[in-house]
Amino acid sequence: MRYTDIIVGCGSAGAALTMRLSEDPARQVLVIEAGPDFTDETVPDNIYYGREMSFADSDWGYRAEATDGRRIRFPRGKLIGGSSAVGATIGLRGMPHDYDEWEAAGNKGWGWADVLPYFRKLETDRDFTNELHGNDGPVPIRRFPEAELSSLQRGFVEACVAHGFDRVADHNDPAASGVGSIPSTRLDATRRFTTAAGYLEPARRRPNVTVWADTLVRRVVIESGRASGIELQRAGGTEVVHGDRIVLATGTVSTPFLLLHSGIGPAEELRRIGIDVIADLPGVGDNLVDHPRTGAFMVSRPGVLDRSLPFLQSILRTTSSGSQERNDMQYYMINYFDLKYFPELQMLSGASVIGGVMVCAQRPKSRGRLSLASADPDERPVIDLNFLSDPRDLVTMREGVRLAWELLNSAPLGPYLERPLIVNDTMMADEEMLDVYLHSSIDSTYHPVGTARMGPDGDPGAVVDSDCAVRGVEGLYVCDASIMPNIPSANTNLTSIMIGEKVADQLKGL
Ligand SMILES: Cc1cc2nc3c(=O)[nH]c(=O)nc-3n(C[C@H](O)[C@H](O)[C@H](O)COP(=O)(O)OP(=O)(O)OC[C@H]3O[C@@H](n4cnc5c(N)ncnc54)[C@H](O)[C@@H]3O)c2cc1C
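Summary of the structure given here. Throughout this description, residue numbers start from 1 for each chain and increase along the sequence as written. Owing to the predicted nature of the model, reporting of local features is limited to residues with pLDDT of at least 70; listing and counting of side-chain atom pairs is limited to 80 or more, with chain, interface and lining totals taken over all residues. Remark: hydrogens and water are excluded; side-chain values derive from all non-hydrogen atoms of the structure.

**Brief notes about the site of the ligand**
Then, number 1: Neighbouring residues are identified by heavy atoms, a residue being near a molecule or strand if any of them is within 4 Å of it. By nearness alone, 38 residues border the ligand, and Ser12, Glu33, Ser83, Thr492 and Asn493 come closest of all.
Then, number 2: Polar contacts, as used here, are pairs of N or O atoms within 3.5 Å; protein pairs need one atom able to donate a hydrogen and one able to accept it. Residues neighboring in sequence count only if both atoms are side-chain atoms. One nitrogen or oxygen atom from the main chain of Ala13 is found 3.0 Å from an oxygen atom belonging to the ligand.
Then, number 3: Take Asn493: an N or O atom from its main chain is 2.7 Å from an oxygen atom of the ligand.
Then, number 4: With residues, only the protein chains shown are counted as cover, and all accessible areas are computed by Shrake-Rupley using a 1.4 Å probe. Summarising the interface, the protein chains cover 98% of the accessible area of the ligand, which totals 1000 Å² for the free molecule.
Then, number 5: Numbering goes from the N terminus for both helices and strands, where a helix is a DSSP run of H or I of at least four residues and a strand is a run of E of at least two. Residue assignment for the shell around the ligand shows that the elements contributing at least two residues are helix H1 (12–21), strand E10 (216–223), helix H7 (251–261) and helix H13 (493–508).
Then, number 6: In terms of residues, the shell around the ligand owes the most to one element, H7, which gives three residues.
Then, number 7: For this scheme, ten residues count as nonpolar: Ala, Val, Leu, Ile, Met, Phe, Trp, Tyr, Cys and Pro. Four count as charged, namely Asp, Glu, Lys and Arg, and the remainder, Gly too, count as polar. Residue composition of the shell around the ligand, by class: 16 nonpolar, 18 polar and four charged.

As structure tokens, then:
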């Protein structure tokens, strides 16, 4: 079989790309996924239901350095559906200025006016029908109605309103700032939407689509400057499969990892570890951006934690002091958060399940890096998030924790709080102490982007052009969160799916 398109990785972007590209019956599309391909009968509960994030199974098991040598769990979905199938189901778009910034950096066709049609195309918004929303796309978006909110969530909304923030009906309206129910990628109150169900399922019925799960791609095969195939492992053997076009949709960790192992990356660094250089692209693995997260946490009064509900239901989106970027902060009220996978916080807090107000900065200035420790493809990449390395992020996060602390201690939330964890009034007034807290609690929101970023001709850090073609190699493309030049002011799943939708249209025309 000769494939016209080989798509590596069937996650948020890869599944969308597969579905849209295969609408053209003249294409023969092979999509390859390292993780399992669950059926309705075999899908585990922790994937099927979206009450909380899934960390345990179907995960790559990565670790990353958060700050100052502190290593944290760094989950990435390893299954058909990718990280869309393990996430918190938050269905938010970025702000218009996020995408306009991409375009202003020279990435023609990626401004807000260009991407909005794809945000509309991908969704079926169940609450709004207007010029901002789509009503017949594969991704269902619903907001928790008042009746589904826990009393804790209602208390949070009241606390924010009492503090002076507006009530928001639609957080995906760029004009909105304030507090309200989270737009959620769910089929109903508890079931998670995944791109496996919404995009791959309809595509796989087509005769021109082949799906290989449990298949690990090792590297891209490049002959005379052209990507001609991929080397992969499946059923205990290694083989090379050829295609006219290769698209990496393996996400912000695996995409630079595969590029580097294929000889595409910073030349000196590759030579040092013994990998032959095919294309000298210093930007591969660089520009790693993620939303840093911490919060003001609490032990709740008995009876407050209700694990039949989703762990997050409402959000405050607001702007930090002096910022020109609206909605650059997010605050979530947590119904409950299981510390089973967070032993450090468990040890510090002396609690096993906590609540509280979580803070996530949306436009961090710090940049991290992904690199290889050696040429051994079995060795994990080195992931350095480098959080809080830019002093501006420290200022933003200090303000964030102080607001979270204020909200947590306000009258509407008082009835739910048994005792606060770690954070206290003394710390809020003592900057040095607060900084120690920030450095020891800062974690990832699991939204890494940017390690194979888009950029125009002449941009030394650009890995792909605005068609998402890898610079210096023919026939090789990237379609996933790694191409984002900067992180949007929102959780990254919808933007990743939007990339899948948009790149499909671009590739159809090439
Ligand atoms: C725990 C968690 C919670 C999250 N919660 C939210 C949320 O609530 N809302 C939100 O907007 N965003 C959330 N995110 C982020 C969001 O899910 C990601 O930004 C988005 O899914 C990225 O899409 P992608 O296509 O780039 O990568 P992925 O969706 O991760 O897809 C990459 C795919 O490639 C496969 N792959 C990788 N390497 C190989 C290889 N060598 N061979 C074959 N296959 C390979 C992977 O197994 C995976 O299926 C969350 C992420 C995580 C991990």
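**Things to note about the pattern of salt bridges**
Then, number 1: Salt bridges, as used here, are contacts in which a Lys or Arg side-chain nitrogen is within 4 Å of a carboxyl oxygen on Asp or Glu. For the structure on display, the rule yields 36 salt bridges.
Then, number 2: Among the salt bridges present, the one from Glu325 reaches Arg363, with a minimum N-O distance of 3.0 Å. Of this pair, Glu325 sits in the loop between strand E16 (312–318) and strand E17 (329–338) while Arg363 sits in the loop between strand E18 (353–361) and strand E19 (369–371), placing them 38 residues apart in sequence.
Then, number 3: Each of Arg20, Glu23, Lys121, Glu501 and Lys508 takes part in one network of salt bridges that share partners.

**Some thoughts on the layout of surface pockets**
Then, number 1: There is about 440 Å³ of room inside the second largest pocket.
Then, number 2: Secondary-structure elements contributing two or more residues to the lining of the second largest pocket are helix H2 (45–48) and helix H6 (195–204).
Then, number 3: Considering each element in turn, the lining of the second largest pocket owes the most residues, six residues, to H6.
Then, number 4: Split into classes, the residues belonging to the lining of the second largest pocket amount to 13 nonpolar, three polar and six charged. Detection works on a 1 Å grid of protein atoms alone, calling trapped sets that fit a 1.4 Å probe cavities and calling open sets with protein on both sides within 12 Å along at least five of seven lines pockets, with lining residues defined by an atom within 4 Å of a point. Grid points are joined across faces, edges and corners, and a volume is the space filled by probe spheres set on the points.

**Re unusual backbone geometry**
Then, number 1: Even without being glycine, Ser224 reaches a positive phi, approximately 50°.
Then, number 2: Within the secondary structure, Ser224 is located in the loop between E10 and strand E11 (226–234).
Then, number 3: The phi dihedral of Asn386 falls on the positive side, at around 55°, and the residue is not glycine.
Then, number 4: Along the polypeptide, Asn386 turns up in the loop between strand E20 (382–384) and helix H10 (391–408).

**Structural notes on the side chain of Arg218**
Then, number 1: Tracing the chain through its elements places Arg218 in strand E10.
Then, number 2: A polar contact of 2.8 Å, which involves the side chain of Arg218, links it to the side chain of Asp378.
Then, number 3: Non-local contacts of Arg218, meaning those with residues more than four positions away in its chain, are made with Glu231, Leu232, Gln233, Leu258, His261, Pro377 and Asp378. We call two residues contacting when some pair of their heavy atoms lies within 4.5 Å.

**Some words on the environment of Gly9**
Then, number 1: Mapped onto the elements, Gly9 comes out in the loop between strand E1 (3–8) and H1.
Then, number 2: C-alpha separation for the pair Gly9 and Cys479, spaced 470 residues apart in sequence, amounts to 9.6 Å.
Then, number 3: Sequence-distant contacts of Gly9, defined by excluding residues within four places in its chain, comprise Gly14, Val31, Ile32, Glu33, Ala249 and Thr250.

**Quick word on empty space enclosed by the protein**
Then, number 1: Applying the stated criterion across every chain yields a total of one cavity of 30 Å³ or more.
Then, number 2: Lining the largest cavity, in full, are Arg93, Gly94, Met95, Pro96, Trp112, His171, Asn172, Asp173, Pro174 and Arg317.
Then, number 3: The two domains that each donate at least three residues to the lining of the largest cavity are domain 1 (3–94 + 96–105 + 191–288 + 448–508) and domain 2 (140–181 + 290–444). Where each domain begins and ends follows an automated or database-derived domain assignment.

**Re the packing of aromatic side chains**
Then, number 1: To pair, rings of Phe, Tyr and Trp, with the six-membered ring standing in for Trp, must have centres within 6.5 Å; the planes then decide the type, stacked if under 30 degrees apart, edge-to-face if over 60, and tilted in the middle. Counted under the stated rule, the structure contains 12 aromatic pairs.
Then, number 2: Considering the side-chain rings of Tyr48 and Tyr49, the 5.0 Å spacing of their centres and the 90° angle between planes classify their relative orientation as edge-to-face.
Then, number 3: Residues Trp112 and Phe119 carry aromatic rings whose centres are separated by 6.2 Å and whose planes lie at 35° to one another, so their mutual orientation is tilted. In this structure, Trp112 and Phe119 share a single accessibility class: buried.
Then, number 4: Taken together, the ring pairs in this structure connect Phe55, Phe311, Phe337, Tyr341, Phe342 and Tyr446 into an aromatic cluster. The rule is simple: take the accessible area with a 1.4 Å probe, protein chains only, and divide by the maximum for that residue type; under 20% is buried, over 50% is exposed, in between is partly exposed.

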